[in-house]
Amino acid sequence: MSAGETCSKIIVVTINLIFLLFGLAALVAGIVFKVGGAWSKVSDFLKIADENSEIKNAGEALALGAIIFGAIIVVIAITGCIGACCKVKCLLVLYGIVVIIILLAEIAVVIVVGVKSSDVENKTDEALVKTLDKYKENSADDISKAWSIVFKEFKCCGVKGKEDFRNYTSGTSTFYATERPGLYKGPSYYVPITCCSQFNFEEKKSLTSADFDNNKNCLNATNNGSYEEGCVKSIINSVLDHKWAFIGVGIAIFFIEILVIAMAFYLCSRHD
């Protein structure tokens, strides 16, 4: 066996062992979340958006996706390892073709996301806005608590901004907590206390009228003191803040795939 073959075999096996561990991790995580119901709250949260929405079962879909993704990665990695270690030509060819297909699929996804990103964002906005009519600023239920955590962690308010709450200050859809004094209710008081930058709901077991008194300026939408940016935009900006890391990882994966494809077909060509 030549030095080139040995080097190629080591590279292919090493890379596939890494992907094997990654695939197993994704597979196990997906099974745990699916069986253990860890995604149930997320799924329930999204189902409220729209019964006909494509994202209504996103919680379960993510868990199932992790299982399928992990299983595929495990099978591909094992195929690559066996093909390289044992120099099984048919497995190396199959492995190379599958990785090429994955590479082309990744390129297609990047193109589609780039072209359709605005449509996806708009549909997501519309679906999430519908969940706000269930929101309660006392964070008493899981849905409200999930939103409140998002507001705090991403320093945002609503889906597109605090204006999302303008229509939810009266009638059956009000988000007002029972502890909110009447003084802070009305057409201009449509900012939930959880959107106030100086208020941390996680430190409060329950709201009191004093909490509203201490944040009275924030509660009025015409004043400052509340988070201004919508949560979708805030989350996107958080991702963009690390865009070079994502780009770097993407480029690295791209070249790794090119490398293993080249090595796999090289080993095929050296098959005795």
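Residues numbered from 1 in each chain as written. Predicted model: local features only at pLDDT ≥ 70, side-chain atom pairs only at ≥ 80, totals over all residues. Heavy atoms only, no water.

Q: Got a sec to walk through the UniProt feature "transmembrane region" (unreviewed entry) in the chain? Specific residues and values, please.
A: The UniProt record annotates "transmembrane region" (unreviewed entry) at residues 12–33, 61–85, 92–115 and 244–268. Helix makes up 100% of residues 12–33 and strand makes up 0%, while its end C-alpha atoms are separated by 31 Å. Secondary structure within residues 61–85 divides into 100% helix and 0% strand; the distance between the first and last C-alpha atoms comes to 36 Å. (UniProt positions renumbered as here; feature names shortened; annotations may be inferred. Helix = DSSP H or I, 4+ residues; strand = E, 2+ residues; numbered from the N terminus.)

Q: Account for the pattern of salt bridges, naming residues and giving values.
A: One pass over the structure, following the stated rule, counts 4 salt bridges. Between Glu-137 and Arg-180 there is a salt bridge, and its shortest N-O distance comes to 2.8 Å. Of this pair, Glu-137 sits in the loop between helix 4 (89–129) and helix 5 (142–154) while Arg-180 sits in the loop between helix 5 and helix 6 (209–214), and the two are 43 residues apart along the sequence. For the residue pair Glu-137 and Arg-180, the accessibility class agrees, reading buried in each case. (Salt bridge = Lys/Arg side-chain N within 4 Å of Asp/Glu carboxyl O. Buried < 20%, exposed > 50% of the residue type's maximum accessible area, 1.4 Å probe, protein only.)

Q: Please give an account of unusual backbone geometry that cites residues and values.
A: Most peptide bonds take the trans configuration, and most residues that are not glycine carry a negative phi. Of note, Lys-87 is a non-glycine position whose phi angle comes to about 55°, a positive value. Along the polypeptide, Lys-87 turns up in the loop between helix 3 (58–86) and helix 4. A residue is classified by how much of its surface remains accessible, and Lys-87, at 14% relative accessible area, is buried. Its identity as a non-glycine residue notwithstanding, Lys-155 has a phi of 50°, on the positive side.

Q: Describe the packing of aromatic side chains, with residues and values.
A: Within this structure, the stated rule accounts for 9 aromatic pairs. Judged by centre distance (5.1 Å) and plane angle (65°), the rings of Phe-175 and Tyr-176 are edge-to-face. Three or more aromatic residues joined by ring pairs make a cluster, and in this case those are Tyr-135, Trp-147, Phe-151, Phe-165, Phe-175 and Tyr-176. (Phe/Tyr/Trp six-rings, centres within 6.5 Å; stacked < 30°, edge-to-face > 60°.)

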